Amino acid sequence: MIRVIEVSLAIPDNEARTALATLRRLGVELAALERADLYRCDVAEADADRLVDILRACETVYNPNKHVLRVRADGRPGPGEVWIDEIGSGSPPGSGPISIAGRPLPGVVALERFTAWRLFSQGDRPASAALVSAATETLLCNPAFQKATS
Amino acid sequence: MSARVAVLIFPGTNSEEETVRACHAAGLGAELVHWNADLDAVRAFDAYVLPGGFAYEDRVRAGAIAAHDRLMTAVREGAAAGKPVLGICNGAQILLESGLAPELDGRVRAQAGFARNAPLGKFRSTHVHVKLAVAPERCAITASLPGGTVLPCWASHAEGRLAADPTTIERLEREERVAFVYCDAAGNVTPAAVPNGSALGAAALTNARGNVLALMPHPERDAWTFMHHDASRDRARGDTAAMLSSSGGIALFAGLAAAVRR
């Protein structure tokens, strides 16, 4: 089964603020921008809950003082969202034992990591596909070595 | 009056002092210029050096935010006017993110990037050598150097692997954008000399006109014998004059000086 675990900051995200300010200066009119780390895992059903527990216990992934960890119901980007990953990165099926920060992930047969950007227009509405595309092309993705999924 | 070179500082730049010293040693009138400097004052410089560091904390991607900084307006205009522009390490990442190199088809937009090192994706700090891989006159900053010049440098980066789609990589080589490649101390270009899995073993890219050079490793960190990494440093111990004598990295700044005066 596919399980997507999202880790975002509960404290102000300076990186997202810098990206938002830069995008506005470049003419991409967004009201807000949020960022999260995503771990998209193909995991055996029996190990899915244990996977979340392992990530919660991994302090380089999740610090309860500053992070929020949640399991996403969807395996794809939502409205106003774009996922960025590096081309050729991740651990595809058959690539051997998979781990995060040195911790083995039992039952996980494939792992992809993304940076998720959530873009908002005025009134906390998800940004339009055109705005997402403009932000992606202008700043969020370097297509020379990154891939954007929206 | 010596040529005036602006050594640009963004929040997070950390190699500006040694870069200025290397420029001074090469006879250039280098000055530190902060990101909030008056643009018209920045436009008055004869050349620009973007030093290493972590501009804007590498937020979004290494070099991505600085590439869109207002200070880069002056750099873009200067590059278009033919002024020499040298980016080192994070400065090289900024130049690729800004599209000032490699500038295929005359397009100033990101066509390549310095991605995470391969195979482990980790930061590396190691002494390296780079070899001039094009005819010296192909790039303004190398035009005064002998063909096949080998420079000693320190590689110090987590994102130094040249990456692009296969067609672009092939064009970078065919259209002479790869100015330096990694090599061993004797100048032999071998896979083992490449510290980061960089495509084509590339250490530096230039642009179409040849006045922009984006170099990943640091020549300013091997500019004097006390910074050098072979037996010459051991032989110089106890001899201050010998320790403060130039080592190979200074040659690139002499090349920059020659380019500015040309």
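One can find the structure itself at the top, above this paragraph.
If you're wondering where the values come from, they're calculated on a predicted model, not measured in any experiment. Every chain is numbered independently, its residues counted from 1 as its sequence is written. To read the labels, note that chains go from A and ligands from 1, taken in the order they are written. A pLDDT threshold of at least 70 governs which residues receive local features in this predicted model, and a stricter bar of 80 or more applies before side-chain atom pairs are shown or counted, although totals over entire chains, interfaces and linings include all residues. With hydrogens and water stripped out, all remaining heavy atoms of the structure feed into the side-chain values.

Caption draft 1: Highlighting the overall build of chain B. Only runs of H or I of at least four residues qualify as helices and only runs of E of at least two qualify as strands under DSSP, and these elements are numbered from the N terminus. From N to C terminus, chain B includes 8 helices and 11 strands. Our radius of gyration is a C-alpha quantity, and the globule rule it is checked against amounts to 2.2 Å times the number of residues to the power 0.38. A compact globule built from 262 residues should have a C-alpha radius of gyration of about 18 Å, and chain B, at 17 Å, falls within 12% of that. Principal-axis analysis of the C-alpha atoms gives chain B an extent of 50 × 45 × 35 Å. Contacts were defined at the residue level, with two residues in contact if any of their heavy atoms lie within 4.5 Å. At a minimum sequence separation of 6, the contacts of chain B that also span at least 24 residues come to 75%. The Shrake-Rupley method, run with a 1.4 Å probe sphere, supplies the accessible areas, and residue values consider only the shown protein chains as cover. About 9,900 Å² of surface is accessible on chain B, with carbon and sulfur atoms providing 52% of the total. Taking the average place of the 26 positive charges on the side chains of chain B and the average place of its 27 negative ones, the gap between the two points comes to 2 Å. The charged-residue count follows a simple rule in which Lys and Arg add positive charge and Asp and Glu add negative charge, with His and chain termini not counted at all. Positions of charges follow a simple convention, taking NZ of Lys, CZ of Arg, CG of Asp or CD of Glu.

Caption draft 2: Spatial organisation of the layout of surface pockets. We place a 1 Å grid over just the protein atoms. Points where a 1.4 Å probe fits but has no way out form a cavity, open points with protein on both sides within 12 Å along at least 5 of 7 lines form a pocket, and any residue with an atom within 4 Å of a point lines it. Grid points are joined across faces, edges and corners, and a volume is the space filled by probe spheres set on the points. Volume-wise, the second largest pocket comes out at about 210 Å³. Around the second largest pocket, the lining is made up of 14 residues, and of these Glu137 and Thr138 of chain A together with Glu97, Arg109 and Ala110 of chain B lie nearest the centre. When contributions to the lining of the second largest pocket are tallied by element, the ones reaching two or more residues are α3 (129-140) of chain A together with α4 (90-98) of chain B. For the lining of the second largest pocket, the leading source of residues is α3 of chain A, giving 3 residues. For the lining of the second largest pocket, a count of residues per class yields 5 nonpolar, 4 polar and 5 charged. Charged means Asp, Glu, Lys or Arg here, nonpolar means Ala, Val, Leu, Ile, Met, Phe, Trp, Tyr, Cys or Pro, and polar covers whatever is left, Gly included.

Caption draft 3: Quick look at the interface of chain A and chain B. With 17 residues of chain A at the contact, the number on the chain B side is 20 residues. Using a 1.4 Å probe, buried area is obtained as the accessible area two parts lose upon being combined, added over both of them. Roughly 1,400 Å² of surface becomes buried between chain A and chain B when both sides are summed, with 56% attributable to carbon and sulfur atoms. By definition here, a salt bridge exists when the distance from a side-chain nitrogen of Lys or Arg to a carboxyl oxygen of Asp or Glu is within 4 Å. The tally of links between chain A and chain B comes to 1 salt bridge. The shortest N-O distance in the salt bridge between Arg161 of chain B and Glu86 of chain A comes to 2.8 Å. When residues of the side of chain A that touches chain B are traced back to their parent elements, those giving at least two are α1 (14-25) and α3 of chain A. When residues of the side of chain A that touches chain B are assigned to their parent elements, the largest contribution, 6 residues, is made by α1 of chain A. Partitioning the side of chain A that touches chain B into residue classes produces 8 nonpolar, 6 polar and 3 charged.

Caption draft 4: Expanded view of the pattern of salt bridges. Residue and element names in this part refer to chain B. By the definition in use, this model includes 26 salt bridges over all chains. Between Arg43 and Glu77 there is a salt bridge, and its shortest N-O distance comes to 2.5 Å. Pair noted here: Arg43 is in helix α2 (residues 39-43) and Glu77 is in helix α3 (residues 71-80), with a separation of 34 residues, a long-range link. Exposure categories follow from relative accessible area, calculated using a 1.4 Å probe and restricted to protein chains: below 20% of the type maximum is buried, above 50% is exposed, and the middle band is partly exposed. Overall, Arg43 belongs to the partly exposed group, its relative accessible area being 30%. Owing to a relative accessible area of 36%, Glu77 belongs among the partly exposed residues under this scheme. Residue Glu97 pairs with Arg61 through a salt bridge whose shortest N-O separation is 2.8 Å. Linking Glu97 in helix α4 with Arg61 in the loop between β3 (47-50) and α3, this pair joins segments that are 36 residues apart in sequence. Both residues of the pair, Glu97 and Arg61, belong to the buried class.

Caption draft 5: How the structure looks around the nonpolar core. In this structure, Trp117 and Leu119 of chain A together with Phe180 of chain B are the most contacted members of the largest nonpolar core, which totals 103 residues. In terms of residues, this core owes the most to one element, helix α8 (residues 250-261) of chain B, which gives 7 residues. Those residues in contact with Trp117 of chain A, other than ones at most four positions away along the chain, are Glu15, Ala16, Ala19, Leu33, Glu34, Arg35, Gly80, Glu81, Val82, Ile84 and Leu140 of chain A together with Val60 of chain B. Leu51, Val61, Ile98 and Leu111 of chain A belong to the second largest nonpolar core, which has 19 residues in total. What we call a nonpolar core is a set of buried Ala, Val, Leu, Ile, Met, Phe, Trp, Tyr and Cys residues that are connected through their side-chain atoms within 4.5 Å.

Caption draft 6: Region of the structure containing the sheet that holds strand β6 (residues 124-132) of chain B. Residues and elements named next belong to chain B. Paired strands, in this sense, are two strands between which DSSP finds at least two bridges. Strand order across the open sheet formed by 9 strands is β2-β1-β3-β4-β11-β10-β9-β6-β7, with mixed pairing between neighbours. Both outer strands of the open sheet, β2 (29-34) and β7 (150-157), are each paired with one neighbouring strand and no more. Averaged over all pairs of adjacent strands, the angle between their axes in this sheet comes to 25°, without regard to strand direction. Bridge analysis of strand β4 (residues 85-88) against strand β11 (residues 212-215) gives 4 bridges, and the strand direction is parallel. Paired with Gly87 across the two strands is Ala214, which belongs to β11. Orientation is described by axes fitted as lines to C-alpha atoms, over the contacting stretch for helices, and by angles from 0 to 180 degrees between their N-to-C directions.

Caption draft 7: Quick peek at the state of the cysteines. Here, the term disulfide refers to a pair of cysteine sulfur atoms separated by no more than 2.5 Å. One pass over the structure, following the stated rule, counts 0 disulfides over all chains. Here Cys23 of chain B is not cross-linked by a disulfide; its sulfur's nearest cysteine counterpart is in Cys153 of chain B, at 14 Å.

Caption draft 8: Quick peek at the side chain of Asn196 of chain B. Residue and element names in this part refer to chain B. If you trace the backbone, Asn196 turns up in the loop between β9 (178-183) and β10 (202-206). A polar contact of 3.0 Å, which involves the side chain of Asn196, links it to the side chain of His157. Here a polar contact is taken to be a pair of N or O atoms separated by no more than 3.5 Å, where protein atoms must pair a possible hydrogen donor with a possible acceptor and residues adjacent in sequence count only if both atoms sit in side chains. Among the polar contacts listed, one links the side chain of Asn196 to the backbone oxygen of Gly160, at a separation of 3.0 Å. Once you skip the residues sitting within four places of it in the chain, Asn196 turns out to touch Asn117, Ala118, His157, Gly160, Arg161 and Tyr182.

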